[in-house]
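So the chains spell out like this:
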Amino acid sequence: MLVANSLSIGYRRPIVQNLSFELQSGLTCLIGPNGSGKSTLLKTIAGLLKPLAGALPTFDAKTIAFVPANFPAETNIRVFDFVALGRSPHTNAFGKLEQKDIDKINSAMEQTETTHFAKFRVSSLSDGEKQRVALARALAQDTKILLMDEPTAFLDHSHRVKLFEFLKKKASEEGIAVMLSTHELNFAEQYADKILEFK
């Protein structure tokens, strides 16, 4: 799905140089200390940062979804409406949701166990619940590439296990590429199809 050759990433100065890898279907985990370039790579693939050297293909919002480590600012809306924003790339100019869009939203909320939050305000949720809602929005987007930055940071142990099991199964059964950064080395070793280590 994605091939990177001699990629340099960073802001004004490179954090990582001469990075080459292939992102294909399956679960890829990025591991390494804070500041080593994991988040920077995800943002670069998502198109939020430009590579300092090398090139990456450009993807639209129908192809790639990104769940950042920091929760988006729009929190004074209902959870259902927040998840529905994931359907924006697929709706018409007026943003009207059709039944197929509603089905995708409901499915995404069921998969993330957030259906019972549907009428809650996002601002009323805990950090862990917000992480699950953010994943639901990305799933509703229905893309072939899913990028996630530290998606287990605020989850308890049981939900961490569920998340890795879910992402592994989804990548395998649907043939999508999932790339996430994590400090959970034990989970990465257990579930990842590929590990990229940053030092």
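Conventions we followed
- Residues numbered from 1 in each chain as written.
- Predicted model: local features only at pLDDT ≥ 70, side-chain atom pairs only at ≥ 80, totals over all residues.
- Heavy atoms only, no water.
- Helix = DSSP H or I, 4+ residues; strand = E, 2+ residues; numbered from the N terminus.
- Buried < 20%, exposed > 50% of the residue type's maximum accessible area, 1.4 Å probe, protein only.
- Contact = heavy atoms within 4.5 Å.
- Areas by Shrake-Rupley, 256 points an atom, 1.4 Å probe, with all protein chains shown as cover.
- Lys, Arg positive; Asp, Glu negative; His and termini not counted.
- Charge placed at Lys NZ, Arg CZ, Asp CG, Glu CD.
- Pairing = 2+ DSSP bridges.
- Axes fitted to C-alpha atoms, helices over the stretch in contact; angles between N-to-C directions.
- Expected span 1.5 Å × (residues − 1).
- Core = buried A, V, L, I, M, F, W, Y, C linked by side-chain atoms within 4.5 Å.

Peer 1: A description of the overall build of the chain should follow, citing residues and the corresponding values.
Peer 2: Scanning the chain from N- to C-terminus turns up 6 helices and 7 strands. When the helices and strands of the chain are read in sequence order from the N terminus, they spell out β-β-β-α-β-α-α-α-β-α-β-α-β. Scored against the burial criterion, the 199 residues of the chain give a buried share of 47%. Long-range pairs, those at least 24 residues apart, make up 70% of the contacts in the chain with a sequence separation of at least 6. In the structure as shown, the chain presents an accessible area of about 10,300 Å², 48% of it carried by carbon and sulfur atoms. Of the side chains in the chain, 24 bear a positive and 22 a negative charge, and the two mean positions are spaced by 5 Å.

Peer 1: Can you lay out the sheet that holds strand β6 (residues 177-181) for me, pointing to particular residues and giving the numbers?
Peer 2: Reading across from one edge, β4-β5-β6-β3-β7 is the order of the 5 strands in this open sheet, with parallel pairing throughout. If you trace the sheet from one side to the other, it starts and ends with β4 (64-67) and β7 (194-197), each paired once. Going across the sheet, the axis of each strand differs from the next one's by a mean of 15 degrees, ignoring polarity. Bridge count between β4 and strand β5 (residues 145-149): 4 bridges; the pairing is parallel. If you follow phenylalanine 66 over to β5, its bridge partner there is leucine 147. Of the strands in this sheet, β3 (26-31), β5 and β6 touch helix α5 (residues 157-174), which is tilted by about 135 degrees from β3.

Peer 1: Residue-level account of helix α4 (residues 127-141), with values.
Peer 2: Helix length check: α4 (15 residues) gives 21 Å between terminal C-alpha atoms against 21 Å at 1.5 Å per residue, within 8%. With 12 of 15 residues buried, α4 lies mostly within the body of the structure. All of the buried residues along α4 are Gly128, Lys130, Gln131, Arg132, Val133, Ala134, Leu135, Ala136, Ala138, Leu139, Ala140 and Gln141. Phi turns positive, to about 60 degrees, at aspartate 142, one or two residues after α4.

Peer 1: Quick rundown of the nonpolar core? Include the residues and the values.
Peer 2: Core analysis: the largest hydrophobic core is formed by 40 residues, its most contacted members being Val79, Val83, Leu146 and Leu167. Contacts of valine 79, omitting those with residues within four sequence positions, involve Met109, Phe117, Ala118, Phe120, Val122, Leu125 and Val133.

Peer 1: Can you tell me about the pairing of strand β2 (residues 14-23), naming the residues and giving the values?
Peer 2: Taken together, the 6 bridges between strand β1 (residues 2-10) and β2 define a ladder with antiparallel strand orientation. Following the sheet pairing, valine 3 is matched in β2 by glutamate 22. Here β1 folds back onto β2 in antiparallel fashion, the turn holding 3 residues.

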